[in-house]
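Below, each chain spelled out in residue letters.
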Amino acid sequence: MGLFRRYGEKEKYKEIIRNVILAAVLICLAVITLFPIYYMIISSFGAPTEAGGASYSLIPKSFSLDSYKFFFDYSEYSLRWILNSMLVAGVVTLCNVIFASLAGYAFAKLRFPGCKFFFFLLLVAMMIPYQVTQVPLYILVVNVLKLQDTYVALIAPTLVTCYNVFLAKQFFTSLPTSVIESAKIEGCSQPLIVWKIVMPLSKTILAVMAITTFLGEWNTFFWPFLVCNSEKMQTIQVGLKNFSFANTTYFAPMMAGATISALPMFILFFSLQRYFLEGVTVGAVKG
Amino acid sequence: MAAFFYKDRGNNIMDNTRKKKMKKETFWAYAFILIPLCTFMVFTIYPVVSSIITSFQDYKPLGSEWVGFANYISTFKSSLFYKALKNTAVYTVITVPIAILMSFIVSVMILPFRKGIQSFFKGAFYLPAIASGVAMSFVWKWIYDPLPSGLLNSVVRFFGIENQNWLGSSKTAMASLIIMAVFAGLGQNIIIYIAALLGIDPTYYEAADIDGSTFLQKVRYVVWPLVKPTTIFLAITSVINGFQSFQTAYLMTGGGPDNATTMAGLLIFNRAFKYFEYGEACAQALLLAVIIAIFAVFQFKLSANDVEY
């Protein structure tokens, strides 16, 4: 690592001392950033009766799962919120991966009239802040199409996002055209080319896309909050907010809910960390 | 003659099959982009057009009234609009440089370690970003508890600072949101910076060593200019995100106290879904979009001039 070691320097002990100091500072910072998560998890094991003057102990005094039980008993739909989230995020992710890779392939490797124009349209659509579309979208979905409290309303607007099509197009452009050409000569049809050649060659980028989409959809709050009125159809994020406003003093159950909403993502993160981190840098760093 | 005839026919067949193939390709291309295109048309392009139309109307479910520029005029007349813009600007202008500088320093610090330790720190800093914003804002709300027993209050008392009403006082509310935003966004920037830092050719460092530069000089004159494209990318995306921020303010303070934390995103949300003035909300949203666009172009031009290698 040329940035830190000088050319030809041989004093090993200096390097060790430096690394220890750096590690100490980094660990301190990491403790600060991780603290809210730690606090959320340990507080969720507190008893739900500790209302009002919640205890701010940093080390859990008692370990009980009562708060989790309280959370699931609080509303008859508590469990359903999680299932709703899973369903919506799952369907959105699946649709995004399929449709975005098909469209990305068309933009990257096929010539057709209007190709440039449609891609330009896509880029423009990507730049528009969501505030501009939120009101008409709400009017369209709720007032015109009367889709309030349906899965269609939750899923349809993000069925395929511009960003994912763009991402797929950028990656597919780098695939060798010769492979696709030879498949064509062998008589392979276009859908089969995507299924048998393009998709297997881009497993990583598709996994990254799936994970970022799922994460985004799981954590999204704004749109489900707008279109879900009945508790039955709410996603976990919206349900969570419900919960806090109704019962601000029940600290531990609130944290239990927060932990439940975050836990699936943490499990995913620890098992697929590589893809998560790749998802952050994709499109950001060139070369 | 016969040979010529056959050649010609052969050419014709080739042309026909090529045409057929092209047609087939075109058909499949349209088939592939059909669903995304429909989605954009219905859920992006139509709302944008509708937003522009609605901004000139007084929206009513049964037939809206055309009111010309009235929505824009009342927006420009309302002092809350300017306050929200100022809040948004303050929030963004403070959060973005701090977050970028901090993540740059941390990334440089992570760099000398082995790959395994690097990914441990990357994971540790990134974890808050994958927890849901709703859950995190609950936790931060309790960290900022105004009672003396509150967590942050206990910490600052240790340093001899008196009890603060963090989110409830107009002096500290914005600062509290900024601290939270800086820590929440750190992980993402760090990961992007590390990727950029690892891409730097080590020969640059060797050349700097031969010239006898110190560590800090290397950071300043080698690393910083080389990761400039990354910095620009982070700056532009963070500014755009900052201008659009809604969720934190909505969940943490609701815009209060005394609108000290009402930012553009929240202002538009309240106009639309609290007061149901869709027309004015659309006008404000379009103004915000224009401001973001101007800012992005300006920032891009400015930083493009600055790159000097």
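Everything quoted here is computed from the prediction, not taken from an experiment.

Observations regarding the overall build of chain B
And step 1. In terms of regular secondary structure, chain B is built from 13 helices and 2 strands.
And step 2. Its C-alpha radius of gyration of 27 Å places chain B more than 25% over the 19 Å reference for a compact globule of 309 residues.
And step 3. On the principal axes, the C-alpha backbone points of chain B span a range of 105 × 75 × 35 Å.
And step 4. Counting all 309 residues of chain B, 39% fall into the buried class.
And step 5. Put simply, of all contacts in chain B between residues at least 6 apart along the chain, 69% involve residues at least 24 apart.

Topic: the overall build of chain A
And step 1. When helices and strands are tallied, chain A shows 14 helices and 0 strands.
And step 2. In chain A, the order of α-helices and β-strands from amino to carboxyl end is α-α-α-α-α-α-α-α-α-α-α-α-α-α.
And step 3. Per-residue burial over chain A gives 42% buried out of 287 residues.
And step 4. When contacts within chain A are restricted to residue pairs at least 6 apart in sequence, long-range pairs at least 24 apart make up 75% of them.

Re the interface of chain A and chain B
Note: interface size is frequently given as the accessible area lost on complex formation between the parts.
And step 1. Taken together, the contact between chain A and chain B spans 74 residues of the former and 84 residues of the latter.
And step 2. Counting residues per element, the side of chain A that touches chain B draws most heavily on helix H1 (residues 12–44) of chain A, which supplies 12 residues.
And step 3. When grouped by side-chain class, the residues that make up the side of chain A that touches chain B number 57 nonpolar, 14 polar and 3 charged.

So, the environment of Phe121 of chain B
And step 1. Its place among the elements puts Phe121 of chain B in helix H4 (residues 115–130).
And step 2. Residues Phe121 of chain B and Thr95 of chain B, spaced 26 residues apart in sequence, show a C-alpha to C-alpha distance of 22 Å.

Regarding the environment of Glu76 of chain A
And step 1. If you trace the backbone, Glu76 of chain A turns up in the loop between helix H2 (66–74) and helix H3 (78–109).
And step 2. Separated by 156 residues in the primary sequence, Glu76 of chain A and Lys232 of chain A place their C-alpha atoms 8.6 Å from one another.

Describing helix H14 (residues 273–281) of chain A
And step 1. Buried residues of H14 of chain A: Tyr275, Phe276, Leu277, Gly279 and Val280 of chain A, and no others.
And step 2. Buried residues along H14 of chain A sit against helix H10 (203–219) and helix H13 (251–271) of chain A together with H4 and helix H7 (173–198) of chain B.

Thoughts on H1 of chain A
And step 1. Its 33 residues place the ends of H1 of chain A 46 Å apart at the C-alpha level, agreeing with the 48 Å of an ideal helix rising 1.5 Å per residue.
And step 2. Residue Leu34 of chain A marks the point of greatest curvature in H1 of chain A, where the axis turns by about 50 degrees; the proline Pro36 of chain A follows within four residues.
And step 3. Along H1 of chain A, the residues that are buried comprise Leu29, Thr33, Pro36, Ile37, Met40, Ser43 and Ser44 of chain A.
And step 4. Buried residues along H1 of chain A sit in contact with H2 and H13 of chain A together with helix H3 (79–110), H4, helix H5 (133–143) and H7 of chain B.

Comments concerning the packing of H14 of chain A against H7 of chain B
And step 1. It is the contact of H14 of chain A with H7 of chain B, at a shortest axis distance of 9 Å, that shows an interaxial angle of 80 degrees. As far as their axial angle goes, H7 of chain B and H14 of chain A are roughly perpendicular. For the pair H14 of chain A and H7 of chain B, the contacting residues are Leu277, Val280 and Thr281 of chain A in the first and Gln188, Ile191, Ile192 and Ala195 of chain B in the second.
And step 2. Along the lines of polarity and charge, the residues of the contact of H14 of chain A with H7 of chain B split into 5 nonpolar, 2 polar and no charged.

Side note on the confidence of the model for chain B
Residue and element names in this part refer to chain B.
And step 1. Of all residues in chain B, 91% attain a pLDDT of 70 or more, and the chain-wide mean is 85.
And step 2. Per-element averaging of pLDDT across chain B places helix H1 (residues 2–54) at the bottom with 75 and H3 at the top with 93.
And step 3. Taken together, the stretch residues 1–10 has pLDDT below 50 and engages in 0 contacts with residues farther than four places along the chain or on a different chain.
And step 4. If you check the scores for this complex, the pTM reads 0.86 and the ipTM reads 0.82.

Regarding unusual backbone geometry
And step 1. At Lys146 of chain A, a residue that is not glycine, the phi angle is positive and equals roughly 55 degrees.
And step 2. In this structure, Asp258 of chain B is a non-glycine residue whose phi angle is positive, near 55 degrees.
And step 3. Turning to its location among the elements, Asp258 of chain B is positioned in the loop between helix H11 (247–252) and helix H12 (264–273).

A few points about the nonpolar core
And step 1. In terms of nonpolar packing, the biggest core is built from 151 residues, with Ala103 and Ala258 of chain A together with Ala135, Val139 and Ala285 of chain B touching the most fellow members.
And step 2. Of the residues forming this core, the biggest block, 15 residues, is contributed by H7 of chain B.
And step 3. What Ala103 of chain A contacts, discounting residues up to four positions off in sequence, is Val160 and Val165 of chain A together with Phe32, Ile33 and Pro36 of chain B.

With respect to the environment of Ser78 of chain B
Residue and element names in this part refer to chain B.
And step 1. Among the structural elements, Ser78 can be located in the loop between helix H2 (70–77) and H3.
And step 2. For Ser78, a count of 15 C-beta atoms within 10 Å puts it in the partly exposed group.
And step 3. Taking the C-alpha atoms as reference, Ser78 lies 48 Å from Ile110; in sequence the two are 32 residues apart.

What counts and how
Residues numbered from 1 in each chain as written. Chains lettered and ligands numbered in written order. Predicted model: local features only at pLDDT ≥ 70, side-chain atom pairs only at ≥ 80, totals over all residues. Helix = DSSP H or I, 4+ residues; strand = E, 2+ residues; numbered from the N terminus. Rg over C-alpha atoms; globule rule 2.2 N^0.38 Å. Buried ≥ 20, exposed ≤ 12 C-beta atoms within 10 Å, placed from the backbone. Contact = placed C-beta atoms within 7 Å. Nonpolar A, V, L, I, M, F, W, Y, C, P; charged D, E, K, R; others polar. Expected span 1.5 Å × (residues − 1). Bend = angle between axes of the 7 residues up to and from the residue. Axes fitted to C-alpha atoms, helices over the stretch in contact; angles between N-to-C directions. Parallel < 35°, antiparallel > 145°, perpendicular 65-115°, else oblique. pLDDT = per-residue confidence, 0-100. Core = buried A, V, L, I, M, F, W, Y, C linked by C-beta atoms within 7 Å.

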